[in-house]
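An overview of the molecular structure
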Amino acid sequence: MTNPALQAEDRDTSAILTRARLEASALPGPPPGLPDNLDAAYAIQHKSIAAWPDKVAGWKVGGVPADYVERFQETRLAGPIFGRSVVHHVPGQRALMSVFCGGFAAIEPEFIIRLGEDRTGDRLFIGAEIASSPIPAINDHGPVAVISDFGNNNGLLVGPEVPDWRDYAGEVRVVAEIDGTAVAERMVANPAEDVDAALQFLIELAHRKGFSLPAGTYVSSGAITGVHEAAIGCTSRLDFGQLGELHLELVEAKPFA
């Protein structure tokens, strides 16, 4: 990835965020001196990726809140998903997904792509992004905070595969439940269309920023029903109708070892 020269305060921001995640410790708020543009935020993210003791296994694609779209002229953002945070759902079991105590935590049902050697080899799965950050209420600080802090990602849950997904016909009803209560639902008319738009954004971003998307890379394509904040100990059922369902529980993140 191309890494433009960082200002001293940007290097400090990267160090603060990386250390907090390694120690699984919450911060009182975002580091002082967050950048005012997305390029600098991605440069911070890249420096943090280089310092993180795990390999990138995928990327999350998320939305830029409507209040920031005009300012930044962008509707999506991305962040890394690391190998040790990828969990494969086992039917009949509840997946344990870690989040930061005292920070931000949310559950997001999503469609997940696993990239092939070319686009014809891409595979689609139902799944979930676990959004979590040492920064409480990170989304209140806008996309520069989210991008700077690893895209506000702390895990990926990969569920059953969607066969023949590009030719899938019919709507998919997705329901998110937390602690037995439905918190949101959405009818997805064309899963392939939503997924392709997110993937195209990531491909273009990778080209601009100079990072690779090799075969086997996971791409979490964006929250289907919304960003559902939840606390440690909460359980969740994510129902994708005829495509299957996922069960998970949020647990406290431990220091990285």
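Figured I'd write up the structure that's included with this text. Here the structure is a predicted model, which means the values were calculated and not measured.

Conventions adopted
- Residues numbered from 1 in each chain as written.
- Predicted model: local features only at pLDDT ≥ 70, side-chain atom pairs only at ≥ 80, totals over all residues.
- Heavy atoms only, no water.
- Helix = DSSP H or I, 4+ residues; strand = E, 2+ residues; numbered from the N terminus.
- Rg over C-alpha atoms; globule rule 2.2 N^0.38 Å.
- Buried < 20%, exposed > 50% of the residue type's maximum accessible area, 1.4 Å probe, protein only.
- Contact = heavy atoms within 4.5 Å.
- Lys, Arg positive; Asp, Glu negative; His and termini not counted.
- Charge placed at Lys NZ, Arg CZ, Asp CG, Glu CD.
- Pairing = 2+ DSSP bridges.
- Axes fitted to C-alpha atoms, helices over the stretch in contact; angles between N-to-C directions.

**Considerations on the overall build of the protein**
Helices and strands together make up the secondary structure of the protein, namely five helices and 13 strands. Relative to the globule expectation of 18 Å for 257 residues, the C-alpha radius of gyration of the protein, 17 Å, shows essentially globular dimensions. Along the first, second and third principal axes, the C-alpha set of the protein runs to 50 × 40 × 35 Å. For the protein, with 257 residues in total, the buried portion stands at 52%. Relative to all contacts within the protein whose residues are 6 or more apart in sequence, the contacts with residues 24 or more apart total 73%. The distance from the centre of the 20 positive side-chain charges to the centre of the 34 negative ones in the protein is 6 Å.

**A closer look at the sheet that holds strand β12 (residues 235–239)**
Paired through their backbone hydrogen bonds, the strands of a sheet run either parallel or antiparallel. Across the sheet, which stays open at both edges, the five strands sit in the order β4-β13-β12-β8-β9 with mixed pairing between neighbours. If you trace the sheet from one side to the other, it starts and ends with β4 (95–99) and β9 (181–188), each paired once. Taking each pair of neighbouring strands and ignoring which way they run, the sheet shows an average axis angle of 25°. Pairing between strand β8 (residues 172–178) and β9: seven bridges, direction antiparallel. What sits directly across from Ala176, in β9, is Ala184.

**Here we look at the environment of Ile138**
Tracing the backbone through its elements, the reader meets Ile138 in the loop between β6 (123–133) and α4 (142–148). Residue classification places Ile138 among the buried residues on the basis of a relative accessible area of 0%. Leaving out residues up to four positions away in the same chain, Ile138 has contacts with Phe104, Ser133, Ala145, Val146, Asp149 and Asn152.

Interpretation note: all reported values are geometric properties and have no functional meaning in isolation.
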